[in-house]
Amino acid sequence: NFLQMSQEVFVLMHLCCPAVKDPMVVERSNLLSMMKLSIKVLIQSSLSLGRSLDSEYPPLQQFFVVLEHCIKHGLKVKKTFIGQNKSIWAPLELIEKLCPESADIATSVRDMPGIKTGLGRARAWLHLALMQKKIADYMKVLINRRDLLWEFYDPGALIMEEEGAVIVGMLVGLNVIDANLCVKGEDLDSQVGVIDFSMYLKDPQATENTQDDSKMTAILDQKHYIEELNRHLSCTVTDLQAKMDSLEKTNSKLIEEVTLQDSQAELETYRQTRQGLDEMYNVVWKQYKEEKRIRQELQKELELQIGLKQEMEVAMKLLEKDTREKQDTLVALRQQLDHVKNLNLQMFNKAQVLHLTPFRFRFIYFFRFMCCFCSLFRAGLESALSTEKEQRQNLQRELQREQDNSTELRTQLQQLQGLQTELLDLRQEKKQLQQLCEEQEQALQEMGLHLSQSKLKMEDFKEVNKALKNHAWLKDDEATQCKQCQKEFSISRRKHHCRNCGDIYCNSCSSNELALPSFPRPVRVCDVCHSLLLQRSSIGS
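Going along each chain's sequence as written, the residues are numbered from 1 onward. Reporting in this predicted model follows two pLDDT cut-offs: at least 70 for local features of residues, and 80 or more for side-chain atom pairs to be given and counted; totals over whole chains, interfaces and linings ignore these cut-offs and use all residues. The side-chain numbers reported here are obtained from all heavy atoms of the structure, hydrogens and water having been left aside.

Colleague: Quick one: what's the story with the overall build of the protein, residue by residue and with numbers?
Modeller: Helix and strand counts for the protein come out as 14 helices and 6 strands. Residue exposure (1.4 Å probe, protein chains only): buried if accessible area is under 20% of the type maximum, exposed if over 50%, otherwise partly exposed. Here the protein, with 541 residues, has 26% of them falling under the buried criterion. Accessible surface is estimated by sampling points in the Shrake-Rupley manner with a 1.4 Å probe; for residues, cover comes only from the protein chains shown. With an accessible surface of roughly 37600 Å², the protein has 56% of that area assigned to carbon and sulfur atoms. Secondary structure elements are taken from DSSP: a helix is a run of H or I of four residues or more, a strand is a run of E of two residues or more, and numbering for both begins at the N terminus.

Here you go:
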């Protein structure tokens, strides 16, 4: 110890009186030596205490001060509107981009309400990195990217030289330290980072001897308390694991029962729906046949009425032609009659002027005869004309009846077209119902497949449970020879458990592998279980 203290005093004296002319080299050497001393004292003191360190521990505080000086060495000064700023937060913030694992630390530091300066954020970041035991990893990532550090450091800075890699290697030793630091309650912005050299000139053995008895007692008490607490926690974990296993088994059984009940309910619903759809289809099919028959009858009647209408139209045309001819004949006869009347009148007038003679009497008699003949001929023409008028009126009445029948047939045809539209809608609805029925049948088939698979799984679980009940996991010290070939176990013939029955076999008798329901991957089974499981699998398939 005296030799070690002499070497440390010599190092401190060398720090005060450097022989190197370059100031940057001298500073790097001094900071490297101080970092070695601070890490050494911190590790020795923490191991002697045997507990986690807090923020008030002096060696830990001095370690952060020395590390801060090492990171700040050679840092460029940035000019702002307020003044010059020289903070180590900028290079530490770069680690968040290089190492995504440190993003949580940077986010936590930014969200702390009591820290306002960059220096305070950097100190909080170092505290959190030490508690995570990753400060060496983060600093190594930063030093490896020296191409990015030229923006923050001058040439010859400690981080940019070999001393930075040496410090990172020494920081790895801090992973053995458990630190419990409260960052929120400390004033990290206004702390003064001054290195206390007196701490490294004391004899650590002397300070330890004065406190050995009290600390040893406290450490032993803490050890007994932790062991008792660990035992209770182990028992609690075992009980919780057993409860969790039972709950998982109960949950799996409930899920299987619920799945089976849901499948049966869906199957019953599908059957009822299928029966209702079949009834609807039968009713619609009967309506379709009845409407088709009515349509055919209406079509025949419509064709018959159309033929009668065409015949009536032809007869009406002929009648109109005959009527026009008779009217023309009647007009000609009337003109002739009027001409004869005029001639008779002229002759009568001439007869009155002349004297009565026998010839005059003959003429009068002939004139009277002609008048009677004309009156008779006129009466015949009038009777024929009245007959033609009656026939024409009868034909008009028949034509009106045919027109009424045609209007009624058109109305029925429109109704028939409406029935055809409804029939098309019913066919479309039938098609949709058939498609729905096919989809439900497919879903039912898939459901049956899932149900069969779940039944197979249940059978596998039952077999596993039965196998676990019938077979117990045989311990290594309970078996001295193979159960199948009865050969003794030795260094060359090792023991192997069958994952199905739990017995112990040699390698040659348990070289097969199969996938079991209780294991996700193929595991070792004995020859007997292998043949039995293969036979069972072939029967099940």
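Colleague: Kindly report on the confidence of the model for the protein, identifying the contributing residues and their values.
Modeller: Confidence scores per residue from the predictor, reported as pLDDT, run from 0 to 100. Per-residue confidence for the protein gives a mean pLDDT of 78; residues scoring 70 or more make up 79%. Per-element confidence in the protein ranges from a low mean pLDDT of 44 for helix 1 (residues 2-16) to a high of 92 for strand 4 (residues 504-505). Two residues form a contact once any of their heavy atoms are found within 4.5 Å. Contacts for the low-pLDDT stretch residues 1-20, under 50 throughout, to residues beyond four places or in other chains number 21 contacts.

Colleague: Outline the nonpolar core, listing residues and values.
Modeller: Within the largest apolar cluster, 61 residues are counted, with the highest numbers of intra-cluster contacts made by Phe63 and Trp125. Elements with a minimum of two residues in this core: helix 2 (23-49), helix 3 (58-72), helix 4 (89-93), helix 6 (103-111), helix 7 (118-132), helix 8 (135-144) and helix 10 (162-171). Element by element, the count of residues in this core is highest for helix 2, at 9 residues. Beyond its immediate stretch of four places on either side in the chain, Trp125 contacts Trp89, Leu92, Ile95, Ile105, Ala106, Val109 and Tyr138. In this text, buried Ala, Val, Leu, Ile, Met, Phe, Trp, Tyr and Cys residues form a nonpolar core when linked through side-chain atoms within 4.5 Å. Counting residues in each nonpolar core, the second largest holds 16 residues, with Phe489, Cys501, Tyr505 and Val525 among its members.

Colleague: Account for the packing of aromatic side chains, naming residues and giving values.
Modeller: Ring pairs are drawn from Phe, Tyr and Trp, using the six-membered ring of Trp, whenever the two centres fall within 6.5 Å, and their geometry is named by plane angle: stacked under 30 degrees, edge-to-face over 60, tilted for the rest. Scanning the entire structure with this criterion turns up 4 aromatic pairs. Aromatic pair Trp125 and Tyr138: ring centres 5.7 Å apart, planes at 45°, arrangement tilted. Taken as a pair, Trp125 in helix 7 and Tyr138 in helix 8 lie far apart in primary sequence, 13 residues in all. Ring geometry for Trp285 against Tyr288: centres 5.4 Å apart, planes inclined by 35°, an arrangement best described as tilted. Remark: Tyr288 and Trp285 occur in helix 12 (residues 212-353); sequence separation between them is 3 residues, near one turn of the helix. The partly exposed category is assigned to Trp285, whose relative accessible area is 37%. Aromatic rings pair up to connect Tyr281, Trp285 and Tyr288 into one cluster.

Colleague: Can you explain the packing of helix 2 against helix 10? Please cite residues and give values.
Modeller: Each axis is a line fitted through C-alpha atoms, and for a helix only the stretch in contact is used; angles between axes span 0 to 180 degrees, taken between their N-to-C directions. Interhelical geometry of helix 2 versus helix 10 gives an angle of 5° and a closest axis separation of 11 Å. Between helix 2 and helix 10, the angle falls in the class roughly parallel. For the pair helix 2 and helix 10, contact is made by Arg28, Leu32, Met35, Lys36 and Ile39 and by Glu163, Val166, Ile167, Met170 and Leu171, respectively. All residues other than Ala, Val, Leu, Ile, Met, Phe, Trp, Tyr, Cys, Pro, Asp, Glu, Lys and Arg, Gly among them, are scored as polar; the first ten of these are nonpolar and the last four charged. For the contact of helix 2 with helix 10, a count of residues per class yields 7 nonpolar, no polar and 3 charged. If an angle is under 35 degrees, it is roughly parallel; if it is over 145, roughly antiparallel; if it lies from 65 to 115, roughly perpendicular; otherwise it is oblique.

Colleague: Talk me through the packing of helix 8 against helix 10; I want residue IDs and the actual numbers.
Modeller: With their axes 9 Å apart at the nearest point, helix 8 and helix 10 run at an angle of 160° to one another. Relative to helix 10, the element helix 8 lies roughly antiparallel. Crossing of helix 8 against helix 10: the hand is left-handed. On helix 10, the residues that touch Ala136, Met139, Lys140 and Ile143 of helix 8 are Gly164, Ala165, Val168 and Leu171. Here the residues of the contact of helix 8 with helix 10 are counted per class, giving 6 nonpolar, 1 polar and 1 charged. In this scheme the handedness of a crossing depends on how the near helix is turned from the far one: anticlockwise by less than a right angle means left-handed, clockwise means right-handed.

Colleague: Summarise helix 10; cite the residues concerned and give the values.
Modeller: Within the span of helix 10, buried status applies to Glu163, Gly164, Ile167, Val168, Met170 and Leu171. Relative to the axis of helix 10, the buried residues are bounded by an arc of 160° and lie together on one face. This arc corresponds to the set of directions leading from the helix axis out to the C-beta atoms.

Colleague: Talk me through the side chain of Ser45; I want residue IDs and the actual numbers.
Modeller: Mapped onto the fold, Ser45 is located in helix 2. Looking at Ser45, the relative accessible area reads 12%, which means it is buried. N or O atoms within 3.5 Å of each other form a polar contact, as long as, within protein, one can give a hydrogen and the other can take it, and as long as residues adjacent in sequence are counted only when both atoms are side-chain atoms. Of the polar contacts made by the side chain of Ser45, one reaches the side chain of Tyr57; its length is 2.8 Å. Contact partners of Ser45, with chain neighbours within four places excluded, come to Tyr57 and Pro59.

Colleague: Tell me about the state of the cysteines, and please be specific about residues and values.
Modeller: Throughout, a disulfide means two cysteine sulfur atoms within 2.5 Å of one another. This structure, assessed with the given rule, holds 0 disulfides. Cysteine Cys501 is unpaired, with the sulfur of Cys498 as its nearest cysteine sulfur at 3.6 Å. Residue Cys501 is classed as buried on the basis of its relative accessible area of 5%. Unpaired in terms of disulfides, Cys526 finds its nearest cysteine sulfur in Cys529, a separation of 3.3 Å.

Colleague: Pulling in residues and values, what's your account of the environment of Leu433?
Modeller: Turning to its location among the elements, Leu433 is positioned in helix 13 (residues 358-470). By relative accessible area, Leu433 is classed as partly exposed at 23%. Spatially, the C-alpha atom of Leu433 lies 8.8 Å from that of Tyr281, the residues being 152 residues apart in sequence.

Colleague: Please set out the side chain of Ser102 residue by residue, giving values where relevant.
Modeller: When you line up the elements, Ser102 lands in the loop between helix 5 (95-98) and helix 6. We classify Ser102 as buried; its relative accessible area is 1%. One polar contact links the side chain of Ser102 to the main-chain carbonyl oxygen of Ile95, over a distance of 3.4 Å. Of note is the side chain of Ser102, whose polar atom sits 2.8 Å from the backbone oxygen of Cys99. Contacts of Ser102, omitting those with residues within four sequence positions, involve Ile95, Glu96 and Tyr138.

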